[in-house]
Amino acid sequence: MSNDDSDDPLYQEAAEVFLLLRDAPEDEDLIRLKEAFLSGGPDARDAYRRVETVFAGVQQNGRPRNTPKAVVIIGLSVGMLASAFAFDPLRIYLTADVTTRTETQELQLSETDIAILDAGTAIVDRSEGNARQFDLLRGTAYFDVEKIGAGFVVELGGLTVRTIGTAFETALLEEGPRVAVSEGVVDVTDGSQTWRLNAGEVLHMRNGRSPERAAIAVDQVAGWRMDQLMVDGMTLGEAAAVLDRRLPGTVTVVGRRIRALDVTGSFDMSNPEAALRGLAALGGAQVQSLGPLGYIIRP
């Protein structure tokens, strides 16, 4: 298995199905879930076999049956438990200055500037003197910045956002980074090209595709601050990942067609489970609750 397998959603889906079934091998719903996944074709079956191979290697190294999910995913990432640091959540935990769990958090960055972090968000503060810089490692953050001469920089997913005074949202979604502006102007660059975004504009980079630039209602930028999930220009998988950060366990979306489906709508995140069910309904899918283990969205 290559070291890049864990970046493929198909392998991630195979790992989720495998781990759920391992913890409840007689669960009829999970058995049907596995059968549905394997019916997806030779690529799906190959992904599942590779997951089984990794776990078999973990067991041969003396790990008990209840090996944590994290350990198996580390195996997917680096071959065979080569380095726990390669497991992204652990890397974020060790390097982030601020992390949030299931609730939003407001940070006072200076006398005039604030940041609001959504649930499941992590940032690093690299500010020095009057120059302020932040790295978004995970999740979504909204920045409200007073005009300053030194500038304000946010790095996320290969993009650099620069401004001298504005209000804007930065997000790391399932398919790539996203920047939306509610006030003022920001410059966004990927190192080779620069885009200037005005209030009411959004830029989304999706897994190596050409950037998608679109209009957005100003009151929809960072709607999660008011417990509103504004889904416009997102895939179902991306929207589910946003809700995942407010729910127990893990939200697993089964099927690449459902995950990649473009969806539009508004959901009340004060009840994230109801929002998840409403989101799934847009794709003609159903939601299965696994209690503290999380949820499965499937056809």
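Read on for a plain summary of the structure. Quick caveat: nothing in here was measured; it's all calculated off a predicted structure.

1. What to know about the environment of Arg213
Stage number 1. Mapped onto the elements, Arg213 comes out in strand β13 (residues 212–215).
Stage number 2. Separated by 18 residues in the primary sequence, Arg213 and Trp195 place their C-alpha atoms 9.3 Å from one another.
Stage number 3. Those residues within four positions of Arg213 in sequence are excluded, and the remaining contacts are Trp195, Arg196, Leu197, Glu201, Val202 and Leu203.
Stage number 4. A polar atom in the side chain of Arg213 sits 2.3 Å from the backbone oxygen of Arg196.
Stage number 5. Engagement of the side chain of Arg213 in a polar contact is seen with the side chain of Glu201, the distance being 3.2 Å.

2. Points about the pattern of salt bridges
Stage number 1. Inspection of every chain in the model, using the stated rule, returns 15 salt bridges.
Stage number 2. In this structure, Arg178 and Glu169 form a salt bridge, with 3.5 Å as the shortest nitrogen-oxygen distance.
Stage number 3. Of the residues examined, Glu169 reaches a relative accessible area of 6% and is grouped as buried.
Stage number 4. Between Glu238 and Arg206 there is a salt bridge, and its shortest N-O distance comes to 3.2 Å. Note that Glu238 is positioned in helix α6 (residues 236–244) and Arg206 in the loop between β12 (201–204) and β13, a separation of 32 residues in sequence. Like Arg206, Glu238 is buried.
Stage number 5. Residues participating in the shared-partner salt-bridge network are Asp118, Asp227, Arg245 and Arg246.

3. Remarks on the sheet that holds strand β17 (residues 286–289)
Stage number 1. Spatial ordering of the open sheet is given by β15-β18-β17, a layout of 3 strands whose pairing is mixed. Both edges of this open sheet fall to β15 (250–253) and β17, since each of them pairs with a single strand only. Across the sheet, the mean angle from the axis of one strand to that of its neighbour is 20°, orientation sign disregarded.
Stage number 2. Here β17 runs beside strand β18 (residues 294–298); their pairing, made up of 4 bridges, is antiparallel. Residue pairing across strands places Val287 opposite Ile297, the latter belonging to β18.
Stage number 3. With respect to the sheet, α6 is in contact with β15 and β18, its orientation differing from that of β15 by roughly 170°.

4. What about unusual backbone geometry?
Stage number 1. Although it is not a glycine, Ala222 adopts a positive phi angle of roughly 55°.
Stage number 2. Here Ala222 shows up in the loop between β13 and β14 (228–235).
Stage number 3. With relative accessibility at 1%, the residue Ala222 sits in the buried group.
Stage number 4. One non-glycine residue, Asp227, adopts positive backbone phi at about 60°.
Stage number 5. Locating Asp227 in the fold gives a position in the loop between β13 and β14.

5. A word on the nonpolar core
Side chains that are nonpolar tend, in soluble globular proteins, to be buried together.
Stage number 1. Core analysis: the biggest nonpolar cluster contains 35 residues, and Leu229, Leu243, Leu276, Leu279 and Ile297 have the highest contact counts within it.
Stage number 2. When contributions to this core are tallied by element, the ones reaching two or more residues are β3 (114–117), β9 (166–173), β14, α6, β15, β16 (262–268), α8 (272–282) and β18.
Stage number 3. Considering every element that reaches this core, the biggest residue donor is α6, with 5 residues.
Stage number 4. When residues no more than four places from it in sequence are discounted, the contact partners of Leu279 are Leu236, Ala239, Ala240, Leu243, Val263 and Phe267.
Stage number 5. Core analysis: the next-biggest nonpolar cluster, separate from the first, contains 23 residues, Val181, Val186, Leu203 and Met205 among them.

6. Observations regarding the packing of α6 against α8
Stage number 1. For the pair α6 and α8, the least separation of the axes is 10 Å and the interaxial angle reads 175°. In terms of orientation, α6 lies roughly antiparallel with respect to α8. Judged by residue contacts, Leu236, Ala239, Ala240 and Leu243 of α6 engage Pro272, Ala275, Leu276, Leu279 and Ala280 from α8.
Stage number 2. Partitioned by chemical class, the residues of the contact of α6 with α8 number 9 nonpolar, no polar and no charged.

Cut-offs used in this document
- Residues numbered from 1 in each chain as written.
- Predicted model: local features only at pLDDT ≥ 70, side-chain atom pairs only at ≥ 80, totals over all residues.
- Heavy atoms only, no water.
- Helix = DSSP H or I, 4+ residues; strand = E, 2+ residues; numbered from the N terminus.
- Contact = heavy atoms within 4.5 Å.
- Polar contact = N/O pair within 3.5 Å; in protein donor to acceptor, adjacent residues only side chain to side chain.
- Salt bridge = Lys/Arg side-chain N within 4 Å of Asp/Glu carboxyl O.
- Buried < 20%, exposed > 50% of the residue type's maximum accessible area, 1.4 Å probe, protein only.
- Pairing = 2+ DSSP bridges.
- Axes fitted to C-alpha atoms, helices over the stretch in contact; angles between N-to-C directions.
- Core = buried A, V, L, I, M, F, W, Y, C linked by side-chain atoms within 4.5 Å.
- Parallel < 35°, antiparallel > 145°, perpendicular 65-115°, else oblique.
- Nonpolar A, V, L, I, M, F, W, Y, C, P; charged D, E, K, R; others polar.

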